[in-house]
Each structure stands twice: as C-alpha cells, then as structure tokens.
Amino acid sequence: MSQPSSEPTSVRAPAVSPSASQSGSEPGDSGTVRAVSRWQIVGLSINDVIGSGIYLLPATAAMLLGPASLWAVLLAGFAVALLVLCYAQAASYFDQPGGGYLYAREAFGPFAGFEVGWMLLVTRISTAASLSNGLAEAVALFWPAAKAGPARVFIVAGSLGLLVLINVLGVRTAARAGVALAIGKLVPLVLFVAIGAFYFDPSLLRSDAPLPMDHLGEAALLLLFAYAGFENLPAAAGEYRNPRRDVPFALLTMIVLVTIIYFTVQLVALGTLPGIASSSSPLAEAAAHFSGTGLALVLTVGAAISILGTNSNTVMMGPRYLLALSRDGYGPRALGEIHPRFHTPMRAVLFLGAIALVLALTGSFQQLALLSVVARLCTYIGTAVSVLVLQKRHRGREGALHLPGGPLIPIAAIVLSLGLLASASAQNLIAAAVALLVGAAIYKLRRKPEADVAA
C-alpha cells in the first residue's frame with residue numbers, strides 16, 4: 001500500500017483536549033457540538049450491537065450447533081473482543097470523526113482510507129435498509145397486515161422517516177433517543193432471563209449427537225452478525241465530549257455486557273424450550289412456554305424496539321462517514337455541510353435515509369444483511385492492519401490505550417477476520433469485490449478537499 005501523504009492531514013480538525021471537553025457542549029468538528037457524554041456513548045454502543053440478532057440467534061445457532069451453541073456464543077464474544085480492542089486502541093489516538101476510515105487513511109494514505117470508508121458506508125446503508133425490513137417483519141408478528149402492501153411500506157418508510165427527523169434535529173436528541181431505545185430493548189431480555197431461570201431444565205442442554213462440523217463456517221458468520229455494530233461508535237467522535245477516553249471505555253464495557261447478555265439469553269432459551277431449533281421466534285415461544293402470553297407479547301414488542309434502536313444508531317452514525325468522506329473531497333461538497341441551527345450533517349442524514357428507503361423497498365432482509373456482513377469484514381481487516389502501524393506511530397502518546405502483547409491482538413484479529421471472510425459464499429464475496437471496484441472508480445473522481453479550497 002502507498003505511504004501516508006500529507007494531503008489528508010490538512011483537512012483534520014484540531015483535537016479538543018480532555019479538559020476542554022468535560023462540560024456542556026463544546027465546539028466539535030467544524031460546526032458540530034461535543035454534547036454526548038461517556039455513559040450515553042456506552043448506551044449507544046449497546047444499542048448498536050443488540051438488534052434483531054438476539055431474538056433469532058437462539059434457534060438458528062441451536063439448529064446449526066445444537067447445545068454447543070451456548071459455548072459458541074461465549075467463544076464468539078471473546079473472538080469479537082479482539083476486534084473491539086483494535087477499535088478501542090485506534091479510537092484512543094483521535095478526537096476526529098470517521099472511525100475506520102480515519103484510521104486507514106492515517107496509516108496507509110487516502111486510497112486505502114477511502115476504500116475502508118466506502119465499505120463502511122455500504123455497510124451502514126445496507127444495514128439501515130435491512131433493519132427497516134426486519135422491523136416490518138417483527139411488527140407483523142402482532143400486526144399481520146405489516147407483512148406486505150401499504151402497511152409494510154408505512155412501517156419501513158415511517159420508521160426511517162422518524163429516525164431521520166430525530167437525527168436532523170440534533171445529536172443530543174439522537175443520543176437520548178438511542179439510550180432510551182437501548183433501555184427499552186434490554187428490559188424484555190432481563191425479564192426473560194430472570195423469570196426463565198426458575199423454569200430452567202438442564203437436561204435440555206444434553207445431547208449425544210456429534211458436533212455438526214460442516215456448519216461451523218455458517219455459524220461463525222451468524223454469530224459475527226449478532227455481535228456486529230461496534231465499529232460504528234467512533235464515527236461520531238467529533239460530537240463526543242471526550243472521545244479519546246470515552247470511546248475505548250464504551251467499547252470495552254459494551255463487549256463485556258453484550259457477551260453476558262447473549263450467553264444468559266442463549267442458556268435460558270436452550271433450557272426452557274424443547275425443540276428450539278425449529279422455532280421461528282424462539283424467545284417469544286420460550287416465554288409463552290414458561291410464563292404465558294403476557295411475557296411472550298413483551299418479547300415480541302421488544303424485538304421491534306430492539307431493531308428500531310439499532311437502526312437509530314445506524315441513521316446517526318452512517319451520515320458521519322458521509323461527512324468525513326465529503327470533507328476529504330469524495331462526493332458532493334453539500335454532504336459535508338453542517339446545519340447552522342441544528343449542528344448536524346442534515347443533508348448527509350437525508351441522503352442516507354433516502355438511499356436506505358429505496359433499498360429497503362426493493363431488497364430483502366436476508367440479502368441486505370449478508371452484504372452488510374461481508375462489507376463489515378473488509379473494514380475490520382482494514383482497521384486491524386491500521387492499528388499495527390498506528391501502534392508504532394503513537395506509542396508515546398499520552399493517555400492512549402496500550403494493548404498487551406503489542407501487535408499480537410491486531411494480528412489475531414486479522415486472522416479471525418480472514419477466516420470469517422473465507423466462510424462467506426462466493427456470491428457474497430463477488431458482491432464485496434464489486435463494491436470495492438466501484439469505490440476505486442469513485443476515488444478517481446475526487447475533488448479538492450475543503451481545507452485546500454479554503455487555502
């Protein structure tokens with residue numbers, strides 16, 4: 001890859017010192033405000049990861065791996081922690097928005113950075129579209145009309161429109177909505193575990209059947225999708241009060257809490273619902289089995305809230321990639337503008353919402369989710385490789401996170417990501433390759449960055 005050039009450095013906003021960003025809303029990145037606190041960031045990180053996956057994971061994982069799925073969920077949490085640690089270390093170096101795009105750009109130059117940023121953007125748009133479809137499917141469980149027709153369009157378009165409006169009005173509004181939705185999605189899961197523990201049958205966890213080795217790759221990708229989303233948290237670093245300190249804290253807190261939640265939910269689901277592998281809505285069916293229809297309805301509504309919450313984060317973080325890319329000269333200059341009153345990238349929010357709506361109404365949840373998974377893996381590899389470079393360049397930076405073992409964790413994360421990428425189907429790999437080629441073509445159309453024009 002090419003060596004870093006001085007060009008991208010010229011468009012970076014000045015870092016905000018920790019002491020200056022502790023109180024109130026300090027100036028952020030060229031018109032945004034630093035208004036999001038540490039625990040709001042923790043809430044946003046949990047909201048981004050816990051989505052539709054947890055409500056479908058117990059049945060699908062049990063179908064692929066049987067009772068061993070319980071330990072697979074735990075092992076996946078430890079594996080994904082390797083990637084989370086890479087993002088946490090990289091985030092401890094920067095106050096600016098951009099996430100993986102920023103890290104790859106600073107480590108390897110503008111082209112590598114753009115390709116990572118482009119794949120992050122593809123991930124965000126496809127995720128927003130797939131979750132909008134997933135929300136309609138979840139709502140259809142208690143409102144059958146939402147399966148198709150005008151009611152489905154209303155759910156898809158209405159939910160996206162609401163989230164776009166919230167994110168246009170201000171980052172405080174978006175953060176508070178994200179935290180509220182995170183609490184709304186956690187309450188049903190806590191009730192499920194707390195009540196289900198009294199009806200737990202350990203015999204349901206025993207099986208004499210051998211571990212189905214031919215499904216390990218498929219199960220690995222499924223578990224990755226359930227834990228994915230953490231990579232978006234640094235994207236809005238320009239609007240966090242102290243991103244170099246708070247983003248690593250939030251990421252590490254999130255992976256511990258989410259792993260515990262996933263493990264306990266899988267444990268209770270396996271131990272309370274016989275024949276769970278054939279269930280289409282395992283948590284709701286398990287709840288109905290041991291506690292009646294009341295808790296089952298709570299879990300069903302909780303699934304819809306969970307999907308809406310994750311999509312709220314997607315609509316919040318995705319435009320920040322557009323903002324960073326536009327300011328570096330990629331795409332229309334208007335997408336890099338900040339609204340003077342709301343201090344949000346309004347045009348970028350509207351643009352992402354419009355594209356996601358078109359995809360949501362023309363594609364299926366499964367197709368869009370698979371594209372999102374493969375695109376994510378490309379960005380994970382880009383960030384883990386970037387950390388190897390950034391570790392050397394910023395080894396003496398005060399306050400930066402230092403990973404034990406030096407390069408060992410990033411290398412392990414790269415190996416993990418490559419292994420998961422090898423498990424993807426040829427069709428999905430071809431789709432990702434096409435996306436990278438499209439990105440390379442767009443890169444050639446780069447205009448002068450904002451700072452160069454101003455100079």
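Up top you'll find the structure we're talking about.
Residues numbered from 1 in each chain as written. Predicted model: local features only at pLDDT ≥ 70, side-chain atom pairs only at ≥ 80, totals over all residues. Heavy atoms only, no water.

S.K.: Got a minute to help me understand the overall build of the protein chain in this structure?
M.R.: Looking only at helices and strands, the protein chain has 16 helices and 2 strands in total. Taking all 455 residues of the protein chain together, the buried fraction comes to 56%. A sequence separation of at least 24 residues applies to 82% of the contacts in the protein chain between residues at least 6 apart. With an accessible surface of roughly 17700 Å², the protein chain has 69% of that area assigned to carbon and sulfur atoms. (Helix = DSSP H or I, 4+ residues; strand = E, 2+ residues; numbered from the N terminus. Buried < 20%, exposed > 50% of the residue type's maximum accessible area, 1.4 Å probe, protein only. Contact = heavy atoms within 4.5 Å. Areas by Shrake-Rupley, 256 points an atom, 1.4 Å probe, with all protein chains shown as cover.)

S.K.: Please clarify how the packing of aromatic side chains should be interpreted in this entry.
M.R.: Each aromatic ring pair is specified by the distance between its two centres and by the angle formed by the two planes. Applying the stated criterion to the full structure yields 15 aromatic pairs. Seen from their ring centres, Y199 and F290 are 5.6 Å apart, and the 20 degrees between their planes marks the pair as stacked. Of this pair, Y199 sits in the loop between α7 (171–196) and α8 (216–227) while F290 sits in helix α10 (residues 282–291); the two residues are 91 residues apart in sequence, bridging distant segments of the chain. Y199 gets classed as partly exposed once you look at its relative accessible area, which sits at 47%. Residue classification places F290 among the buried residues on the basis of a relative accessible area of 8%. (Phe/Tyr/Trp six-rings, centres within 6.5 Å; stacked < 30°, edge-to-face > 60°.)

S.K.: Honestly, the environment of T173 in this entry has me stumped. Any pointers?
M.R.: Along the chain, T173 falls in helix α7. With relative accessibility at 34%, the residue T173 sits in the partly exposed group. In the structure, T173 is positioned 137 residues away from V36 in sequence and 10.0 Å away in space, judged by C-alpha atoms.

S.K.: Would you take a moment to explain the packing of helix α1 (residues 38–49) against helix α9 (residues 243–272) for this structure?
M.R.: Geometrically, a packed helix pair is captured by the angle between its two axes and the distance between the axes. Contact pair α1 / α9: the axes reach a minimum separation of 8 Å and the direction vectors enclose 45 degrees. On the basis of the axis angle, α1 is oblique to α9. For α1 against α9, the interelement crossing comes out right-handed. In this structure, α1 contributes R38, W39, I41, V42, S45, I46 and V49 to the contact, and α9 contributes R245, D246, F249, A250, T253, M254, L257, V258 and Y262. Here the residues of the contact of α1 with α9 are counted per class, giving 11 nonpolar, 2 polar and 3 charged. (Axes fitted to C-alpha atoms, helices over the stretch in contact; angles between N-to-C directions. Parallel < 35°, antiparallel > 145°, perpendicular 65-115°, else oblique. Left-handed = near helix turned anticlockwise from the far one by under 90°. Nonpolar A, V, L, I, M, F, W, Y, C, P; charged D, E, K, R; others polar.)

S.K.: What exactly am I supposed to notice about the pattern of salt bridges here?
M.R.: Where side chains of opposite charge bring their charged atoms close, a pairing between them can arise. In the structure shown here, the tally under the stated rule is 8 salt bridges. Residue D328 is joined to R105 by a salt bridge in which the shortest nitrogen-to-oxygen separation is 2.4 Å. Of this pair, D328 sits in the loop between α11 (293–327) and α12 (346–362) while R105 sits in helix α4 (residues 100–108), and the two are 223 residues apart along the sequence. Pair check on accessibility: D328 and R105 agree, each one buried. Three or more residues are tied together by salt bridges with common partners; here these are R38, R245 and D246. (Salt bridge = Lys/Arg side-chain N within 4 Å of Asp/Glu carboxyl O.)

S.K.: What's the story with the side chain of T314 in this structure? I'm lost.
M.R.: Assignment of secondary structure puts T314 in helix α11. For T314, a relative accessible area of 0% gives the class buried. Once residues within four sequence positions are removed from consideration, T314 is found in contact with D48, R124, T127, A128, L131 and P319.

S.K.: Before we go on, may I ask you to explain the nonpolar core in this structure?
M.R.: Within the largest apolar cluster, 121 residues are counted, with the highest numbers of intra-cluster contacts made by F192, F230, L233, Y240, L251, M254 and Y262. Setting aside residues up to four positions removed in sequence, F230 forms contacts with V49, V80, L83, V84, Y87, L251, M254 and Y380. One finds A138, A140, A146 and I155 within the second-largest nonpolar core, a separate group that totals 13 residues. (Core = buried A, V, L, I, M, F, W, Y, C linked by side-chain atoms within 4.5 Å.)

S.K.: Would you take a moment to explain α10 for this structure?
M.R.: Think of an α-helix as 3.6 residues a turn; residues three or four steps apart then line up on the same face. For α10, the full list of buried residues reads P282, L283, A284, A286, A287 and F290. Taken together, the buried residues of α10 touch α2 (53–65), α7, α9 and α11. Backbone geometry just downstream of α10 places G292 in the positive-phi region, at approximately 90 degrees.

S.K.: So what exactly am I meant to see when it comes to helix α15 (residues 426–443) here?
M.R.: Between its first and last C-alpha atoms α15 spans 26 Å; for 18 residues at 1.5 Å apiece the expected length is 26 Å, and the two agree. Turning to α15, its buried residues number three or more, namely N428, A432, A435, G439 and Y443. Viewed along the axis of α15, the buried residues span an arc of 80 degrees, placing them on a single side of the element. Across α15 from its buried face, at more than 90 degrees, point the exposed residues A426, Q427, I430 and L437. (Expected span 1.5 Å × (residues − 1). Arc of directions from axis to C-beta.)

S.K.: For this particular structure, what's the right way to read the environment of T264?
M.R.: With respect to the secondary-structure elements, T264 resides in helix α9. Classification of T264 as partly exposed rests on a relative accessible area of 25%. Each C-alpha atom, one on T264 and one on A197, is 9.4 Å from the other, the two residues being 67 residues apart in sequence. A distance of 2.9 Å separates a polar atom in the side chain of T264 from the backbone oxygen of I260. (Polar contact = N/O pair within 3.5 Å; in protein donor to acceptor, adjacent residues only side chain to side chain.)

S.K.: Looking at this structure, how should I read the packing of helix α5 (residues 110–139) against helix α6 (residues 149–169)?
M.R.: Two elements in contact, α5 and α6, have axes whose closest approach is 9 Å; the angle formed by their N-to-C orientations is 130 degrees. Here α6 runs oblique to α5, going by the angle between their axes. With respect to the hand of their crossing, α5 and α6 are arranged in right-handed fashion. Residues S132, N133, L135, A136, E137 and V139 of α5 form the contact with α6, whose participating residues are R152, I155, V156, S159 and L160. The residue makeup of the contact of α5 with α6, split by class, is 6 nonpolar, 3 polar and 2 charged.

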